[in-house]
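Here's the letter readout for the chains.
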Amino acid sequence: MTDNTVASRDEQPGRALAELLRNWWESSARDGREKPTQQSLAKRLGVDQTTLSRYLNPAHASNAPRRIVEQLHAALRAPADDLVRACALADAAAGAAPSRKRPAAAAAPGTASAPAGPAGRRGVTARWWDRSPVAYPTLAIASLLLLVLGGFVWWLAPTAGQSDAKTTANVSDRPSQGTDWPLARKGDVLWKARTVQLLLRANGFDVKVDADYGPATAEAVKQFQSAHGLTPDGKVGKDTWPLLIIAVDSRTTKPDAITAVQYLLHHAGVPTDSTGTYTLSTMRSLKEFQESRNLPATGIGDEGTWRALLNAQGPDQHT
């Protein structure tokens, strides 16, 4: 098969497309860039993570539409020559989908096909659910119940292991709301801890950036709060974040603050190089993120942009 042609039905364009998209994603970590998570990539494409996983799973034929293919190609900075082939595969997979479904279409309940020689035997041996007047409604009800049960389990799953976080009273600034400052505190790991540590360093505190909000980080936060007239509780919330953040633009001389913005951009689904310097690429990424959140596309990491970036991260991780 050439780059521009999907030659035959046996080539399974859907599966070839899945392999190509998966390769784009796996190969996106290059030239100093990190591979985006499927969660952040799905958010950027406007689809749910389960749908994106199906598109990228070579074990199944991908039915990714051309629009998604083009967006993935741009987001993952895939080779330019791959786009023509990927779009051809997407079109072929979309065109093949209806023909694959037609042979499986069943006759309406109560209707039997007239035998036509040996081939007519297929009409006599109808599927069991066509013979039963109650089987089809039963299957439909069972499928609906399974769907509801699956959704309920999915809703409960993200809360597992976070019971200690729920015991914190009167916490109104939760990331899930998407508008308020999140609460970062001792025991947090990954993105919250790393962001706080980078901003503490940008404010002159010599803390280790290990993505673990431990005693040393909490103590540095208390010192910062005391210096700014805040209650030194060691937690970074709606009163501490606005003082801790640093506006990021071409004049910023705090590499750790710029690194924090680049880190948050990357994990919000906007692939960005982590350089610690405000580059033209950083400005473009900031503008792209701001436009996606209906913020003024200034390319400046101001307070509103910081808050939106923090709320665009993944779920809380707490030990």
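Residues numbered from 1 in each chain as written. Predicted model: local features only at pLDDT ≥ 70, side-chain atom pairs only at ≥ 80, totals over all residues. Heavy atoms only, no water.

A. Local environment of the overall build of the chain. The secondary structure content of the chain amounts to 15 helices and 0 strands. Within the chain, the fraction of its 319 residues that count as buried is 37%. Element-wise, carbon and sulfur atoms account for 55% of the exposed surface of the chain, whose accessible area totals about 18,100 Å². (Helix = DSSP H or I, 4+ residues; strand = E, 2+ residues; numbered from the N terminus. Buried < 20%, exposed > 50% of the residue type's maximum accessible area, 1.4 Å probe, protein only. Areas by Shrake-Rupley, 256 points an atom, 1.4 Å probe, with all protein chains shown as cover.)

B. Structural view of the nonpolar core. Formed by 39 residues in total, the largest nonpolar core has its most connected members in V196, L200, Y213, V236, W241, F289 and W306. Those elements that provide at least two residues to this core are α10 (191-202), α11 (215-227), α12 (241-244), α13 (255-267), α14 (280-292) and α15 (303-311). Of all hydrophobic cores here, the second largest spans 23 residues; its members include L20, V69, L72 and A78. (Core = buried A, V, L, I, M, F, W, Y, C linked by side-chain atoms within 4.5 Å.)

C. Local environment of the packing of α10 against α13. At their nearest, the axes of α10 and α13 sit 7 Å apart, and the two run at 160° to each other. Of the possible angle classes, the one that applies to α10 and α13 is roughly antiparallel. Crossing handedness for the pair α10 and α13: left-handed. Facing W191, R194, T195, L198, L199, R201 and A202 of α10, the residues of α13 in contact are D256, A257, T259, A260, Y263 and L264. When its residues are assigned to classes, the contact of α10 with α13 shows 8 nonpolar, 2 polar and 3 charged. (Axes fitted to C-alpha atoms, helices over the stretch in contact; angles between N-to-C directions. Parallel < 35°, antiparallel > 145°, perpendicular 65-115°, else oblique. Left-handed = near helix turned anticlockwise from the far one by under 90°. Contact = heavy atoms within 4.5 Å. Nonpolar A, V, L, I, M, F, W, Y, C, P; charged D, E, K, R; others polar.)

D. Expanded view of unusual backbone geometry. A positive phi angle, near 60°, is found at A211, a position not held by glycine. Examined against the element boundaries, A211 turns out to sit in the loop between α10 and α11. Residue classification places A211 among the buried residues on the basis of a relative accessible area of 9%.

E. Representation of the pattern of salt bridges in the model. Counted under the stated rule, the structure contains 9 salt bridges. The salt bridge partner of E70 is R66, with a shortest N-O separation of 3.8 Å. Residue E70 and its partner R66 are both found in helix α4 (residues 66-75); the two are separated by 4 residues, about one turn of the helix. Judged by its relative accessible area of 37%, E70 falls in the partly exposed class. (Salt bridge = Lys/Arg side-chain N within 4 Å of Asp/Glu carboxyl O.)

F. Structural detail: the side chain of T259. Note on placement: T259 falls in helix α13. Ignoring anything within four residues of it in the chain, the contact list for T259 reads L198, S274 and G276.

G. Broad picture of a nonpolar patch on the surface. Judged by side-chain polarity, L144, L147 and V148 come together as a nonpolar surface patch covering roughly 330 Å² of accessible area. Mapped onto the elements of the fold, V148 is located in helix α8 (residues 135-156). Since its relative accessible area comes to 54%, V148 is described here as exposed. (Patch = residues over 30% accessible without salt bridge, like charges linked within 9 Å, V, L, I, M, F, W, Y side chains within 5 Å.)

H. Main features of the packing of helix α1 (residues 13-26) against α4. At their nearest, the axes of α1 and α4 sit 10 Å apart, and the two run at 25° to each other. It follows that α1 is roughly parallel to α4 by the angle criterion. Between α1 and α4 lies a crossing whose hand is left-handed. Taken together, the residues of α4 that come into contact with α1 (itself represented by L17, L21 and W24) are V69, L72 and H73.

Note that every value here comes from positions in space, so none of it alone points to a role or purpose.
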